[in-house]
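# Chains, contacts and geometry: an overview
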Amino acid sequence: MDERDFWLADAPVDLALLRRRVEHERAGAFASFEGWVRNHNEGRPVLGLRYESYVALAQAEGAKVVAEARERFALCAAVCVHRIGDLAIGDMAVWVGVSAPHRGAAFDACRYIIDEIKDRVPIWKHERYADGDAGWLHPEPVRGDRA
Amino acid sequence: MTEVRLLYFASLRDAAGQGEEAWSTDAPDLRALYAELQARHGFPLSVEQLRVAVDGTFARWSDAVRSGSEIAFIPPVSGG
């Protein structure tokens, strides 16, 4: 298990260990988010996918996102891990866990982290479709003001 | 000429047929460098759709091309 607040994992992660990372005596609330690989995207049946990353930049940007969450919300702990490599339907692609004295901060920080990860961290999804086609997803950026 | 190392990811890597390459350029800034590479590799993404990073840090398209740097073009991300 990694000691950082954000990291990329090339193998399945142990959920019990992840959860233990955010346990804290001051915490009265814990919120987590799991992103799973689903069997369809925009109406097309999906067989599986692969995540690729620019590891050095993704590590730095992901850590920045978690640090921002800790600054914005009253948290005890926050951890995020994102899978890279080949994943199957039902696999967990991303896990976010935060603990806080109160539930509001826990929910808000959890949402903040996953939204920013999806928006900023250089990770790309390559989907394989049931019809034999495959391709990279390059969604239009939600925000257009980035350098 | 300025010597740089280029990193390509996702659909840009597929279009380039390689994940990285050494490159010599006269491009004054990163925007002009991308235009040069787009012409060479037929990249499907416009500069407006991309972000650019130099030596592991996000950069601006107007930044000068520095010799010996590692330049990565970042397609719209799709993690999460």
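Everything that follows concerns the structure shown earlier in this document.
Everything in this summary refers to the structure shown in the same document. Since the model is a prediction, treat every value here as computed from it, not as a measurement.

### Considerations on the interface of chain B and chain A
Across the contact, 24 residues belong to chain B and 25 residues belong to chain A. When chain B packs against chain A, the two sides together hide about 2,100 Å² of surface, and 58% of this comes from carbon and sulfur. If you sort the residues of chain B by the area they bury against chain A, B:Val77, B:Ser78 and B:Gly80 come out on top, with a joint share of 29%. Run the count over chain B and chain A and you get one salt bridge.

### Quick notes on the sheet that holds strand 7 (residues 92–100) of chain A
Residues and elements named next belong to chain A. Here we have four strands laid out as an open sheet, ordered 1-5-7-2, and mixed in their pairing. Looking at the sheet topology across the chains shown, the edges are occupied by strand 1 (6–9) and strand 2 (29–36). For this sheet, the mean inter-axis angle between neighbouring strands, taken without regard to orientation, is 10 degrees. Sheet strands touched by helix 2 (residues 55–72): strand 1 and strand 5 (77–83). Its angle to strand 1, the strand with the most contacts, is close to 140 degrees.

### A few points about the nonpolar core
In this structure, A:Cys80, A:Val96, A:Val98 and A:Ile113 are the most contacted members of the largest nonpolar core, which totals 31 residues. Of all the elements in the fold, those that place two or more residues in this core are strand 1, strand 2, strand 4 (44–53), helix 2, strand 5, strand 7 and helix 3 (103–120) of chain A. At eight residues, the largest contribution of residues to this core is made by helix 3 of chain A. Among all residues touching A:Val98, those that are not within four sequence positions of it are A:Ala29, A:Phe30, A:Ala31, A:Ala77, A:Ala78, A:Ala106, A:Ala109, A:Cys110 and A:Ile113. With 22 residues, the next largest nonpolar core counts B:Tyr34, B:Val47, B:Val52 and B:Val65 among its residues.

### Some remarks on the environment of A:Ala69
Residues and elements named next belong to chain A. One can find Ala69 in helix 2. Between the C-alpha atoms of Ala69 and Val98, which are 29 residues apart in sequence, the distance is 9.5 Å. Leaving out residues up to four positions away in the same chain, Ala69 has contacts with Leu75, Tyr112 and Ile113.

About the thresholds
- Residues numbered from 1 in each chain as written.
- Chains lettered and ligands numbered in written order.
- Predicted model: local features only at pLDDT ≥ 70, side-chain atom pairs only at ≥ 80, totals over all residues.
- Heavy atoms only, no water.
- Contact = heavy atoms within 4.5 Å.
- Buried area = accessible area lost by both parts, 1.4 Å probe.
- Salt bridge = Lys/Arg side-chain N within 4 Å of Asp/Glu carboxyl O.
- Pairing = 2+ DSSP bridges.
- Helix = DSSP H or I, 4+ residues; strand = E, 2+ residues; numbered from the N terminus.
- Axes fitted to C-alpha atoms, helices over the stretch in contact; angles between N-to-C directions.
- Core = buried A, V, L, I, M, F, W, Y, C linked by side-chain atoms within 4.5 Å.
- Buried < 20%, exposed > 50% of the residue type's maximum accessible area, 1.4 Å probe, protein only.

Just geometry here; none of it tells us what the structure is for.
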